[in-house]
Amino acid sequence: GTLGAVMVSTPTKVLRGALRRLVGIVRDPVAPIGDLLEEVIEYAVRARKNGLVALENVTADVGDPFLRKALTLAVDGSDLQEIRAMLDLEIDLEESRAEAEAKVFESAGGYAPTIGIIGAVMGLIHVMGNLADPSKLGGGIAAAFVATIYGLVLANVFSLPMGNKIKSVIKKQTRLCELIIEGVIAIAHGENPRNIESRLQGFTQN
């Protein structure tokens, strides 16, 4: 019943995206922020020594797609304000997508207890039909409330925590993307790698 309610109320594209995010619930897909900081500083040192164009040969090998895109835009000589605007827009779109997918599990957490209550009521209706046989009342009432327990467990042990985990993951991803934007803009400005590292250290504090 909960699955049916979610499928009816959720666009298919969002539902598929939510299912794909189940992998991130079990295994955190976000890279450690310290590793990403070191990678950005490495590119800053290389650009400082050999010029920004020197990064053109390494952009194809960058593992993080957001960092790869940011470096490519910088190497291509795009306006820095335009780079920031494009990357900020990409962050906003990804946050909106993740919020919609997290709401799939939050919706399931809202539907499940209600479906459980419906199941309990239907079970009690069946019990009422056996009032003439007291020996069946205890087992019938117990069975009727099993649906309520299932609904509460599904909501509070699985669905709602899943939604919260997705929100937590997207917050980490957003922080990494913001670090990348600040780092790449500073590299394009030709700033000293030490100064860039000092500035970006603030992203690792929380």
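Per-chain numbering applies: the sequence of each chain, read as written, is numbered from 1 onward. Residues qualify for local features only when their pLDDT is at least 70, as the model is predicted, and side-chain atom pairs are given and counted only at 80 or more; totals for whole chains, interfaces and linings, by contrast, use all residues. By convention in this description, side-chain values take in all heavy atoms of the structure and omit both hydrogens and water.

Now for the nonpolar core. Definition used in this section: a nonpolar core is a set of buried Ala, Val, Leu, Ile, Met, Phe, Trp, Tyr and Cys residues joined via side-chain atoms within 4.5 Å. Here's how the labels work: a residue is buried when its accessible area is under 20% of the maximum for its type, exposed when over 50%, partly exposed in between, all with a 1.4 Å probe on protein chains only. Core analysis: the biggest nonpolar cluster contains 32 residues, and Tyr43, Leu55, Leu67 and Ile187 have the highest contact counts within it. Comment: elements are numbered from the N terminus, with helices defined as DSSP H or I runs of at least four residues and strands as E runs of at least two. Those elements that place two or more of their residues in this core are α4 (33–50), α5 (65–75), α6 (80–128), α7 (137–189) and α8 (193–200). In what follows, a contact means two residues having at least one pair of non-hydrogen atoms within 4.5 Å. Beyond its immediate stretch of four places on either side in the chain, Leu55 contacts Tyr43, Arg46, Ala47, Leu71, Val75 and Ile187. Counting residues in each nonpolar core, the second largest holds 9 residues, with Ile25, Ala102, Ala108 and Ile166 among its members.

Looking now at the environment of Gly1. The topology assignment puts Gly1 in the segment before α1 (2–9). According to the relative accessible area criterion, Gly1 is exposed, its value standing at 72%. As for Gly1 and Phe203, which are separated by 202 residues in sequence, their C-alpha atoms are 43 Å apart.

Let us now look at the environment of Ile141. Within the fold, Ile141 resides in helix α7. The sequence separation of Ile141 and Val127 amounts to 14 residues, and the corresponding C-alpha distance is 6.6 Å. If we skip the residues at most four places from it in the chain, Ile141 touches Leu124 and Val127.

Between Lys or Arg on one side and Asp or Glu on the other, a salt bridge is scored when a side-chain nitrogen of the former is within 4 Å of a carboxyl oxygen of the latter. Counted by the stated rule, this structure contains 8 salt bridges. For Glu94, the salt bridge is made with Arg21, and the minimal N-O distance between the two is 2.7 Å. Taken together, the positions of Glu94 in helix α6 and Arg21 in the loop between α2 (12–20) and α3 (22–26) put the pair 73 residues apart, joining distant regions of the chain. For Arg21, a relative accessible area of 16% puts it in the buried group.

Moving on: the layout of surface pockets. Reported here for the second largest pocket is a volume of approximately 240 Å³. Think of a 1 Å grid over the protein atoms and nothing else: a 1.4 Å probe that fits but is trapped marks a cavity, an open set flanked by protein within 12 Å on at least five of seven lines marks a pocket, and residues with an atom within 4 Å of a point count as lining. Lining the second largest pocket are 14 residues, with Leu3, Val6, Phe105, Ala108 and Ser159 positioned closest to its centre. Elements represented by at least two residues in the lining of the second largest pocket include exactly α1, α2, α6 and α7. The residue makeup of the lining of the second largest pocket, split by class, is 12 nonpolar, 2 polar and no charged. Grid points are joined across faces, edges and corners, and a volume is the space filled by probe spheres set on the points. Ten residue types, Ala, Val, Leu, Ile, Met, Phe, Trp, Tyr, Cys and Pro, are classed as nonpolar, four, Asp, Glu, Lys and Arg, as charged, and the remainder, Gly among them, as polar.

In this analysis, axes come from line fits to C-alpha atoms, helices being fitted only over the stretch in contact, and the angle between any two N-to-C directions falls in the range 0 to 180 degrees. Viewed as axis vectors pointing N to C, α1 and α6 meet at an angle of 135°, and their least axial separation amounts to 9 Å. The orientation of α1 with respect to α6, classified from their angle, is oblique. Crossing of α1 over α6 shows right-handed handedness. Contacts between α1 and α6 involve Thr2, Ala5, Val6 and Ser9 on the former and, on the latter, Val104, Ala108, Tyr111, Ala112 and Ile115. For the contact of α1 with α6, the class distribution of residues is 7 nonpolar, 2 polar and no charged. For classification purposes, an angle smaller than 35 degrees is called roughly parallel, one larger than 145 roughly antiparallel, one from 65 to 115 roughly perpendicular, and anything else oblique. Less than a right angle of anticlockwise turn of the near helix away from the far helix marks a crossing as left-handed, whereas a clockwise turn marks it as right-handed.

Turning next to the side chain of Arg21. Side chain to side chain, Arg21 and Glu94 meet in a polar contact 2.7 Å long. Ignoring anything within four residues of it in the chain, the contact list for Arg21 reads Glu94, Ala98, Glu101, Ile166 and Gln173. Here a polar contact means two N or O atoms within 3.5 Å. Within protein one must be a hydrogen donor candidate and the other an acceptor candidate, and residues neighboring in sequence count only if both atoms are side-chain atoms.

In this section: α4. A rise of 1.5 Å per residue sets the reference length of α4, with its 18 residues, at 26 Å; its end C-alpha atoms lie 26 Å apart and thus fit the reference within 8%. Burial in α4 covers these residues: Leu36, Leu37, Val40, Ile41, Tyr43, Ala44 and Ala47. For α4, the buried positions fall inside an angular range of 160° around the axis, keeping them on one side. Away from the buried face of α4 by more than 90 degrees, exposed residues Glu38, Lys49 and Asn50 are located. Taken from the residues just after α4, Gly51 is the one with a positive phi, measuring 95°. The span you would expect from a helix comes to 1.5 Å times its residue count less one. In this context, the arc is that of the directions from the helix axis out to the C-beta atoms.

What follows deals with a nonpolar patch on the surface. Taken together, the side chains of Val146, Ile149, Tyr150, Val153, Leu154, Val157 and Phe158 present a nonpolar region at the surface, about 630 Å² in accessible area. With respect to the helices and strands, Val157 occurs in helix α7. Exposure above 30% relative accessible area and the lack of any salt bridge qualify a residue for a patch; like charges then connect within 9 Å, and the nonpolar side chains Val, Leu, Ile, Met, Phe, Trp and Tyr within 5 Å. Each accessible area is a Shrake-Rupley result for a 1.4 Å probe, and residues are judged covered by the shown protein chains and nothing else.

Note on placement: Thr148 falls in helix α7. The class for Thr148 is buried, based on a relative accessible area of 18%. Ignoring any residue separated from it by four or fewer positions in sequence, one finds Thr148 in contact with Gly116, Ile117 and Ala120.

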